[in-house]
Amino acid sequence: MSDHPIDPGPAGPTGPPPLPSRWRRRPGERMVMTPLMSSVGAMIAFAAVVFIVVLLPVQTFNPKASKDWVPLSDAALAGRQVFLSNGCVYCHSGFSRPQDVRAGLYYLYPKVSLPGDYFGTDQTPNLLGTERTGPDLTNEGGFHPDDWQFAHFYNPRYVDPFSLMPSFRFLSDHEVNDLSAFVQERSGKVGLLRYAGTLYAKHVDLAAQAYKPAPTGFQGANRTTEQADEQGKTADVIGGNILPQPDVVNLNEADRSYWLANDPLPVTVANLLRGKEIFRERCVACHGSLGDGKGPAAKFMSPPPADFTDKDDQCCGADTSPGDFYYRVLRGFPGTAMENFGTRLSVDDIWRVVMFAKTIPNGTLKSGRVPTPQDYIQWTPQDDLKAYVKAHPIDEMAPFVERPAPTDPFLVEAERMFPGMAPSDSILVPNIGRIDLTSIAAGIRRIYFNLLNKAWSDAKARGESLPPESQKNVLPEPIETGS
Ligand code: HEC
Ligand code: HEC
């Protein structure tokens, strides 16, 4: 140790440790970073993040239009503005992540958003949204018909008593029509396909019951439910069908395996009471607190909600078997505002509410009235239905026979709207004529291309940059796209 001279340091043995002789002690430390320096540095760091995360992608990320992309028509573009300025975007996101895809929802082709779905200046900046307080609306197009949308915008509780969405009754008719156009057209080609299917099915439903089209905007609010109901009268029985209208159309819009099905649950007070509870919670807004089809939403709708108070209809109608009712609640009624409850009610609860509906003509909806098995109206198939089923036999093996998936998207949609129809069936509809799956597909195709061409020419006239014309003619794929 004595070989190495050691600097004992200014403070002696109690000060900082000694240094080897040729080392120089560092000067006392001082803060080099001035407030100015740290502000400038922070700003540079922030700018770098903004540049990389925002500016660079905006400049360089320019995906091609996806196969599914469609431009917005002028009305839909105006509706987009209404959507933005009324804060819809805060509750409703506009891109579906894989976990959002509501595959269980019927009539909904599950689709995950792709970057190319947000092509074009009319959809920039895209309305991705953040909150998801309400459901994602990427796939809303054609999921409900316009009359449902109008009633819902006027007062969401009219169609969904549990809804927390605010009422938008202060909007003008014009704004509401545009808003509905936006909601129906924002879902790409598969959305337009679904919307075209709904429009076609509504066209047939109205013709079969001789109803006039539903009012647009909020004009329904000014009608009485009686006025809405009076419009329709059952069209005359026309030759060529074994069943009268609208039964023959209604039946073909339900899967045949349900046509003759009875309620599998025992008719007990407990089941009926649960059914009543569900009916009062979810169905009265449209079907009315007396079950007569005159709920507050009814005046917006055509065809109006079904009237359950008719005993004859309940016991003997061709399209009113418990199975048919079950199918309608599970999957909805094509083209009408009757929506599907398949993801909101359990199988048993659907059978229970259907069971309860069969007691309504006996006044069971009155408050405090406990429905009993004696109130239950047993349905039995009539001769004309039996004859129809015999003439149109159910091929029970059909779902199990392997066949190539239909490649024509319009035929896929036709089968979704008329699931009761076999390829060889046809029905005669007043004011329309004879329809079968092929002609239904052709009708849906026509509506689809009218919508698409209108949107395309509107966008062109607005001077938007459009993808090559060939993109327009790529047909919609009513199957999962993306992953
Ligand atoms: C406070 C949040 C909130 C706001 C704001 C809001 N919504 Fe909703 N929306 C909801 C909720 C919750 C639901 C689900 C219940 C229902 O159907 O009403 C819903 C449902 C919907 C549906 C039906 C979705 C489906 O298929 O089941 C549509 C369409 C819709 N909203 C459109 C709009 C439009 C357009 C606006 C603006 C004018 C808007 N919403 C504003 C919360 C909101
Ligand atoms: C948004 C309005 C709306 C709601 C909510 C609604 N319905 Fe309907 N419902 C309709 C409309 C519209 C029809 C179609 C009537 C037609 O085409 O003649 C219909 C038809 C039906 C039918 C077919 C009747 C028949 O004679 O074929 C059944 C069954 C039915 N609804 C049951 C229910 C039940 C049960 C609920 C509640 C769980 C419910 N609906 C909720 C509007 C609604």
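Reading guide: rules and limits
Residues numbered from 1 in each chain as written. Chains lettered and ligands numbered in written order. Predicted model: local features only at pLDDT ≥ 70, side-chain atom pairs only at ≥ 80, totals over all residues. Heavy atoms only, no water. Near = heavy atom within 4 Å. Polar contact = N/O pair within 3.5 Å; in protein donor to acceptor, adjacent residues only side chain to side chain. Helix = DSSP H or I, 4+ residues; strand = E, 2+ residues; numbered from the N terminus. Nonpolar A, V, L, I, M, F, W, Y, C, P; charged D, E, K, R; others polar. Donors = N, O, S within 2.8 Å, 3.2 Å for Na, K, Ca; no water. Tetrahedral: all angles 85-135°; square planar, octahedral: opposite > 155°, others 65-115°. Buried < 20%, exposed > 50% of the residue type's maximum accessible area, 1.4 Å probe, protein only. Core = buried A, V, L, I, M, F, W, Y, C linked by side-chain atoms within 4.5 Å. Contact = heavy atoms within 4.5 Å. Phe/Tyr/Trp six-rings, centres within 6.5 Å; stacked < 30°, edge-to-face > 60°.

**Some words on the site of ligand 1**
Around ligand 1, 24 residues are found, and the nearest of them are Cys88, Cys91, His92, Ser163 and Met165. One of the side-chain nitrogen or oxygen atoms of Glu140 is found 2.5 Å away from an oxygen atom of ligand 1. Between His144 and ligand 1, the recorded distance is 3.3 Å, taken from a side-chain N or O atom to an oxygen atom. Taken together, the elements giving at least two residues each to the shell around ligand 1 come down to α3 (88-91) and α4 (146-154). Per-element tally for the shell around ligand 1: the top contributor is α4, with four residues. For the shell around ligand 1, the per-class residue count stands at 14 nonpolar, eight polar and two charged.

**Brief notes about the site of ligand 2**
Taken together, 25 residues form the shell around ligand 2, and within it Cys283, Cys286, His287, Pro304 and Met338 come nearest. Gln209 places a side-chain nitrogen or oxygen 3.5 Å from an oxygen atom of ligand 2. His287 places a polar side-chain atom, nitrogen or oxygen, 2.7 Å from a nitrogen atom of ligand 2. For the shell around ligand 2, the secondary-structure elements that each account for two or more residues are α10 (269-287) and α12 (322-331). Examining the composition of the shell around ligand 2, we find that four residues originate from one element, α10, more than from any other.

**Observations regarding the coordination of the iron atom of ligand 1**
Reference values for angles at a metal are 109.5 degrees in the four-donor tetrahedral case and 90 or 180 degrees in the six-donor octahedral case. Looking at the metal site, the iron atom of ligand 1 is ligated by His92 (NE2) and Met165 (SD), spaced 1.9 to 2.1 Å from it. Coordination at the iron atom of ligand 1 comes from six donor atoms whose angles at the metal span 88 to 177°, giving a geometry best classed as octahedral. Taken together, the residues span a long stretch of sequence, with His92 in the loop between α3 and α4 and Met165 in the loop between α5 (156-159) and α6 (173-185) at a distance of 73 residues. For the pair His92 and Met165, a shared accessibility class is recorded, and that class is buried.

**A few points about the nonpolar core**
It is characteristic of soluble globular proteins that their nonpolar side chains tend to be buried jointly. Among the nonpolar cores identified, the biggest contains 38 residues, and Phe418, Ile427, Val429, Ile435, Ile440, Ile444 and Tyr448 are the most heavily contacted of them. Elements represented by at least two residues in this core include exactly α7 (188-209), α9 (247-252), α14 (383-391), α15 (409-417), β3 (427-429) and α16 (437-461). If you tally residues by element for this core, the top one is α7, at nine residues. Residues within four places of Phe418 in sequence aside, it is in contact with Tyr200, Val204, Asn252, Glu253, Ile435, Leu437 and Ile440. The next biggest cluster of nonpolar side chains, apart from the first, holds 30 residues, and it includes Leu127, Ala151, Tyr158 and Phe300.

**Side note on the packing of aromatic side chains**
Considering all chains together, one arrives at 18 aromatic pairs under this definition. Seen in terms of ring centroids, Tyr158 and Phe300 are 6.2 Å apart; in terms of plane orientation they differ by 55°. Their pairing is tilted. Of this pair, Tyr158 sits in helix α5 while Phe300 sits in the loop between α10 and α11 (311-316), and the two are 142 residues apart along the sequence. Judged by its relative accessible area of 14%, Tyr158 is buried. Ring centres 6.0 Å apart and planes at 45° place the aromatic pair Trp259 and Tyr388 in the tilted group. Placement of the pair is Trp259 in the loop between α9 and α10 and Tyr388 in helix α14, with a sequence separation of 129 residues. Both residues of the pair, Trp259 and Tyr388, count as buried.

Function-wise, these values are silent; they only describe arrangement.
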